[in-house]
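# Descriptive analysis of the structure
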Amino acid sequence: MFVDVDSGAAMPNGLNWTTAYTTPQAGIDACEVRLGQTNPPAACEVWTAEGTYYVYASAGTDTVQLKANVHLYGGFAGTEGARDARDWATHVTTLTGYSSDITSRVYHVTSGADDAVLDGFTVRDGFANAAYPDDSSAGIFLINGSSPIVRNTIFTHNVATDDGAVAKINLGASPVFINCVFKNGIAGGDGGAVVLNAAGAPRFEGCVFEDNQASAQGGVFKTYATHPEFVNCVFRRNQGDLGGAGYCMKYTPMFTNCLFQGNVASGMGGALYIVGQ
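Nothing here was measured: the structure is a model prediction, and the numbers come from that model.

## Quick notes on the overall build of the chain
Counting its regular elements, the chain contains one helix and 31 strands. Relative to the compact-globule value of 19 Å for 277 residues, the chain shows a C-alpha radius of gyration of 18 Å, a close match. Viewed in the frame of its principal axes, the chain has a C-alpha envelope of about 60 × 40 × 30 Å. Taking all 277 residues of the chain together, the buried fraction comes to 52%. In the chain, once contacts between residues fewer than 6 apart in sequence are set aside, the share between residues at least 24 apart is 77%. Summed over its atoms, the accessible surface of the chain is roughly 11000 Å², and 50% of this surface lies on carbon and sulfur atoms. Computing the positive centroid from 14 side-chain charges and the negative centroid from 25, the chain places the two 5 Å apart.

Here is the structure:
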């Protein structure tokens with residue numbers, strides 16, 4: 001399926017760039033229909049052209065809802081015939097939590113699903129400021145225990161009044177984040193980027209966490225009874241009360257070839273604050 005915010009198709013069907021849908025959700029929903037038909041493909045791809053896509057349409061609960069076996073790709077110019085021809089660094093594809101008039105914002109810019117893929121986007125401006133569960137996970141909603149794969153994506157300027165400015169990951173979820181950037185997140189509670197709470201085994205590979213802040217524990221992350229893994233990651237200039245980068249409770253994450261630089265704790269643990277049982 002094809003999506004282009006500038007599509008002028010009178011009757012869009014998403015079958016090519018000329019008749020592209022104008023919202024990622026339309027492409028995702030069309031893929032879901034295709035997957036439910038006779039002899040469906042193993043997965044359905046949505047190619048999204050560069051531009052800014054305003055997620056807020058009519059309510060704070062609006063979101064880009066990922067679906068199982070639907071792979072959402074950004075970074076296209078809008079002319080490509082092959083996925084490998086895209087360039088997400090050049091053709092920036094933004095999902096913003098704002099409304100088009102910049103007066104309202106959604107609680108969660110995207111929402112996860114098992115076996116879903118999000119690849120090549122900038123996800124920004126989520127504002128999780130309502131009652132639970134809409135007080136966390138401003139970037140991607142994973143509180144439901146879903147485990148998508150997220151690649152080549154920048155999460156920036158997401159704000160949560162409670163925990164996990166980008167995501168709160170729990171209920172045994174094991175999402176995978178590859179080559180992602182988490183920056184400028186703000187949490188009123190714990191985890192300026194993520195909170196890993198009774199999750200499964202989330203994995204972060206080649207990710208950069210910078211300039212995030214939490215009012216309480218873990219400028220980047222807080223873990224509780226979970227086994228996350230960080231491989232080739234950078235933690236830079238993050239701030240928290242206990243743990244400038246991370247707060248670890250019960251289990252310590254596995255770190256492989258990671259860099260901690262310039263993280264600050266107003267209490268204890270400039271890089272990490274680790275507590276036992």
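## With respect to helix α1 (residues 24-35)
Here α1 is 12 residues long and its end C-alpha atoms lie 17 Å apart, about the 16 Å a rise of 1.5 Å per residue gives. Looking only at α1, the buried set comprises Pro24, Gln25, Gly27, Ile28, Ala30, Cys31 and Leu35.

## A word on the environment of cysteine 233
Inspection of the secondary structure puts cysteine 233 in the loop between β24 (229-231) and β25 (234-236). The sequence separation of cysteine 233 and glutamate 205 amounts to 28 residues, and the corresponding C-alpha distance is 6.4 Å. When neighbours within four sequence positions are excluded, cysteine 233 is seen to be in contact with Phe204, Glu205, Gly206, Cys207, Phe209, Asn257, Cys258 and Leu259.

## Some points on the nonpolar core
Counting 57 residues, the largest nonpolar core has Leu66, Ile169, Phe177, Phe182, Phe204 and Phe209 as the members making the most contacts within it. Elements with a minimum of two residues in this core: β1 (2-3), α1, β2 (44-49), β5 (70-76), β8 (117-119), β15 (167-170) and β19 (194-197).

## Some points on the sheet that holds strand β9 (residues 122-124)
Ordered by their spatial adjacency, eight strands build an open sheet running β3-β6-β9-β13-β17-β21-β25-β29, and the pairing between neighbours is parallel. The open sheet has two edge strands with one neighbour each: β3 (51-54) and β29 (259-261). The mean inter-strand angle of the sheet, taken between neighbouring strand axes irrespective of direction, is 10°. In terms of strand pairing, strand β6 (residues 93-96) meets β9 through three bridges, oriented parallel. When the sheet's bridge partners are listed, threonine 94 is paired in β9 with threonine 122.

## Overview of the sheet that holds β8
Strand order in the open sheet formed by nine strands is β1-β2-β5-β8-β12-β16-β20-β24-β28, with parallel pairing between adjacent strands. Both edges of this open sheet fall to β1 and β28 (254-256), since each of them pairs with a single strand only.

## Points about the state of the cysteines
Using the criterion set out here, one finds one disulfide in the structure. Lacking any disulfide linkage, cysteine 233 is separated from the closest cysteine sulfur, that of cysteine 258, by 4.8 Å. Residue cysteine 233 is classed as buried on the basis of its relative accessible area, which comes to 1%.

## Focus on the pairing of strand β27 (residues 246-249)
Of the pairings in the sheet, the one linking strand β23 (residues 221-224) to β27 comprises four bridges and is parallel in character. Considered in β27, the bridge of threonine 223 is made with cysteine 248. Pairing between β27 and strand β31 (residues 272-275): four bridges, direction parallel. Directly across from methionine 249, in β31, lies its bridge partner valine 275.

Parameters at a glance
- Residues numbered from 1 in each chain as written.
- Predicted model: local features only at pLDDT ≥ 70, side-chain atom pairs only at ≥ 80, totals over all residues.
- Heavy atoms only, no water.
- Helix = DSSP H or I, 4+ residues; strand = E, 2+ residues; numbered from the N terminus.
- Rg over C-alpha atoms; globule rule 2.2 N^0.38 Å.
- Buried < 20%, exposed > 50% of the residue type's maximum accessible area, 1.4 Å probe, protein only.
- Contact = heavy atoms within 4.5 Å.
- Areas by Shrake-Rupley, 256 points an atom, 1.4 Å probe, with all protein chains shown as cover.
- Lys, Arg positive; Asp, Glu negative; His and termini not counted.
- Charge placed at Lys NZ, Arg CZ, Asp CG, Glu CD.
- Expected span 1.5 Å × (residues − 1).
- Core = buried A, V, L, I, M, F, W, Y, C linked by side-chain atoms within 4.5 Å.
- Pairing = 2+ DSSP bridges.
- Axes fitted to C-alpha atoms, helices over the stretch in contact; angles between N-to-C directions.
- Disulfide = S-S within 2.5 Å.

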